[in-house]
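# Observations on the model geometry
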Amino acid sequence: MTTVVKRTFTALATTSILALSATAATADTWRYAFEEAIEDVQGVFATKFKEEVEANTDHTVQLFPYGTLGESADTMEQAQAGILQFVDQSPGFTGSLIPEAQVFFVPYLLPQDTQELGEFFRTSKAVNEMFPELYAEQGLELLTMFPEGEVCVTTQEPVTEPADLNEVKVRVMTNPLLVESYQAFGATPTPLPWGEVYGALQTGIIQGQENPMFWNWSANMYEVSEVITCMGHSNFTTAVMANQEFYDGLSDEEQQVVQNAIDVAFDHIIDYQQGLHEESIEKIKEAKPEIEINVLSEEQRQPFIEAGEKVEDRFIEMTGDSGKKILDQMKADLEAVTE
């Protein structure tokens, strides 16, 4: 990202925040920020939520896609401060606030089937009973979590075994367990703000990054990468939260409207993602025919799976009994929907 673009981005974000503070939106306006563009998965979810709320109340939901209010850390601070009523943010970024949320980065824990994942997030005791208590401690009402698709890694050279990642700098979110994962895989994990990733790939400061395939397409990651590898190690998860004080101040009827809108948007986003991974691959191939897209076989994945076992142990070390209870419950919840 150039200095001019950085300054423009910062200026726009600052102006937006000042405008929010100055107008202090009326009680009829609810503000909702998320980490992607309006046409991406989080934006599609937010748009459906907005439609449902506005169809059933007198409230207006104002949507803020990625970049309009700063980086992820900025929107989380704004949600905790009550400037935003709703925020959609990956547990990858909330891991510093809620260490147990890093469980979603334990390699090879989650399946890749969208319907299985949807059922898991709908029914999981860990997600729907245990995590809300942890989010509440941070002033946040956890409304839902949902999957966004298999995470695939973009690099400059093919990756078929951990040795291929030796000394490869892979951008990761600022998340200790994600750092541990890529170290276990043999890479050099490099935390960077998202706004710097494209330029860092372009200039060779880093050689890779990971994201769901739709984001590798929409954020143009394929333009500055030669290879995309799907190792099956992770499915991107995100969480929709409300400011706790705001949510507690709603009437029972309004809380029910919010939850109903969340439920409708959840079902919508699970259906929306059917085939999205494959469609994104086709778009990337059409835009850049020379790109190499590989799906590792079960045999090729085995060394990565074995390396991931150490990351699971590290997660328990980092989070103690609380993390172990959540991990054990998640495994039981997953077994119930995948057996």
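Residues numbered from 1 in each chain as written. Predicted model: local features only at pLDDT ≥ 70, side-chain atom pairs only at ≥ 80, totals over all residues. Heavy atoms only, no water.

## Some words on the overall build of the protein chain
Threshold: Every helix listed is a DSSP run of H or I at least four residues long, and every strand listed is a run of E at least two residues long, numbered separately from the N terminus. Radius of gyration here uses only the C-alpha atoms, and the compact-globule reference equals 2.2 Å multiplied by the residue count raised to the power 0.38. Three labels apply to residues, based on accessible area from a 1.4 Å probe with only protein chains included: buried if under 20% of the type maximum, exposed if over 50%, partly exposed otherwise in between. Contacts are assigned to residue pairs with any non-hydrogen atoms lying within 4.5 Å of each other.
Broken down by element type, the protein chain carries 13 helices and 10 strands. For the protein chain, whose C-alpha radius of gyration is 20 Å, the value lies close to the compact-globule estimate of 20 Å for 339 residues. Going through the 339 residues of the protein chain one by one, you find that 52% of them count as buried. Considering only intrachain contacts with a sequence separation of at least 6, the fraction spanning at least 24 residues in the protein chain is 77%.

## Re the side chain of K288
Assignment of secondary structure puts K288 in the loop between α12 (276–287) and β10 (292–295). Judged by its relative accessible area of 8%, K288 falls in the buried class. Beyond its immediate sequence surroundings of up to four residues, K288 is in contact with Y222, E223, S225 and E226.

## Focus: the pattern of salt bridges
Heads up, the rule is: Here, a salt bridge means any side-chain nitrogen of Lys or Arg that lies within 4 Å of a carboxyl oxygen of Asp or Glu.
This model, assessed by the stated rule, comprises 9 salt bridges. The residue E226 makes a salt bridge to K288 at a minimum N-O spacing of 3.6 Å. A residue pair is termed long-range when its members are at least 10 positions apart, and E226 in the loop between α9 (213–218) and β8 (227–230) and K288 in the loop between α12 and β10 qualify at 62 residues. Residue classification places E226 among the partly exposed positions, given a relative accessible area of 36%. Here K324 and D328 are joined by a salt bridge, their closest N and O atoms 2.8 Å apart. With a gap of 4 residues between them, K324 and D328 both fall in helix α13 (residues 298–338), about one helical turn apart. Taken together, the shared-partner salt bridges in this structure form one network comprising E119, R122 and D267.

## What about the state of the cysteines?
Quick reminder of the rule: Any two cysteine sulfur atoms lying within 2.5 Å of each other are counted as a disulfide.
The final tally for this structure, using the stated rule, is 1 disulfide. Note that C152 is cross-linked by a disulfide to C230, the S-S spacing being 2.2 Å. The sign of the 100° torsion about the S-S bond sets the C152-C230 disulfide as right-handed. With C152 in strand β4 (residues 140–155) and C230 in strand β8, the pair connects residues that are 78 residues apart, well separated along the chain. For the pair shown, C152 and C230 are each scored as buried.

## Things to note about the packing of aromatic side chains
Any pair of aromatic rings gets described here by the distance separating the centres and the angle formed by the planes. What counts, and what does not: Between rings of Phe, Tyr and Trp, where Trp is taken as its six-membered ring, a pair exists when centres lie within 6.5 Å; planes separated by under 30 degrees are stacked, by over 60 edge-to-face, and by other angles tilted.
Tallied over the entire structure, the rule returns 17 aromatic pairs. Judged by centre distance (4.9 Å) and plane angle (65°), the ring pair of F120 and F121 falls under edge-to-face. According to the relative accessible area criterion, F120 is buried, its value standing at 0%. Residue F121 is classed as buried on the basis of its relative accessible area, which comes to 2%. Through successive ring pairs, a cluster of aromatic residues spans W30, Y32, F34, F49, F86 and F246.

## Quick notes on the side chain of E100
The criterion, for reference: The convention is simple: Lys and Arg are positive, Asp and Glu are negative, and His and the chain ends are not counted.
Along the chain, E100 turns up in the loop between α4 (91–94) and α5 (114–123). Buried charge without a salt bridge: E100, with K325 as the nearest opposite-charge side chain at an N-O distance of 10 Å. Once you skip the residues sitting within four places of it in the chain, E100 turns out to touch F131, L134, F315, T319, S322, G323 and I326.

## Regarding the nonpolar core
Worth spelling out the cut-off: To form a nonpolar core, buried Ala, Val, Leu, Ile, Met, Phe, Trp, Tyr and Cys residues must be joined to one another through side-chain atoms within 4.5 Å.
Counting residues in hydrophobic clusters, the biggest one holds 92 residues, and the most contacted among them are Y32, F49, V103, F131, Y135 and M330. Top contributing element to this core by residue count: α13, with 9 residues. With residues near it in sequence (within four places) discarded, M330 still touches V103, F104, L109, L110, F120, A126 and F131. Counting 9 residues, the second-largest nonpolar core is a separate cluster that includes C152, M213, Y222 and C230.

## Digging into the environment of A287
Tracing the sequence through the fold places A287 in helix α12. Here the alpha-carbon distance between A287 and N220, two residues 67 residues apart in the chain, equals 10.0 Å. Ignoring anything within four residues of it in the chain, the contact list for A287 reads W217 and Y222.

## Digging into the packing of α5 against helix α6 (residues 125–136)
The axes of two packed helices give the description: the angle between them and the distance between them. We apply this condition: A fitted line through C-alpha atoms serves as each axis, taken over the contacting stretch for helices, and the angle formed by two N-to-C directions is quoted from 0 to 180°.
The geometry of α5 relative to α6 is characterised by a closest axis approach of 5 Å and an angle of 40° between their N-to-C directions. For the pair formed by α5 and α6, the contact residues are F120, F121, R122 and T123 on the first element and K125, V127 and N128 on the second.

## So, α6
Let me state the cut-off plainly: Given the number of residues in a helix, its expected span is that number minus one, multiplied by 1.5 Å. Throughout, the arc means the angular range of directions from the helix axis out to the C-beta atoms. Contacts described as polar in this section are N or O atom pairs within 3.5 Å, which, within protein, must combine one atom able to donate a hydrogen with one able to accept it, while residues neighboring in sequence count only if both atoms come from side chains.
Compared with the 16 Å implied by 1.5 Å per residue over 12 residues, the 16 Å span of α6 between its first and last C-alpha is a close match. Among the residues of α6, those classed as buried are A126, V127, F131, L134 and Y135. Take α6 and look down its axis: the buried residues cluster within an arc of 95°, on one side only. Buried residues in α6 make contact with α4, α5, β4, β9 (235–243) and α13. N-cap assignment for α6: the residue whose side-chain oxygen lies 3.2 Å from the backbone N of A126 is S124.

## Section: the packing of helix α7 (residues 176–184) against α13
Selection criterion: In these notes the angle categories are as follows: under 35 degrees is roughly parallel, over 145 is roughly antiparallel, 65 to 115 is roughly perpendicular, and the rest is oblique. Take the far helix as the reference: if the near one is turned anticlockwise from it by less than a right angle, the crossing is left-handed, and if turned clockwise, right-handed.
Here α7 crosses α13 at 155°, and the two axes come no closer than 9 Å. Between α7 and α13, the angle is such that the two are roughly antiparallel. Viewed along their axes, α7 and α13 form a crossing whose handedness is right-handed. Seen from α7, the contacting residues are P176, L177, E180, S181 and A184; seen from α13, they are A307, V311, R314, F315 and M318.

All quantities given are derived from atomic positions and should not be read as evidence of function.
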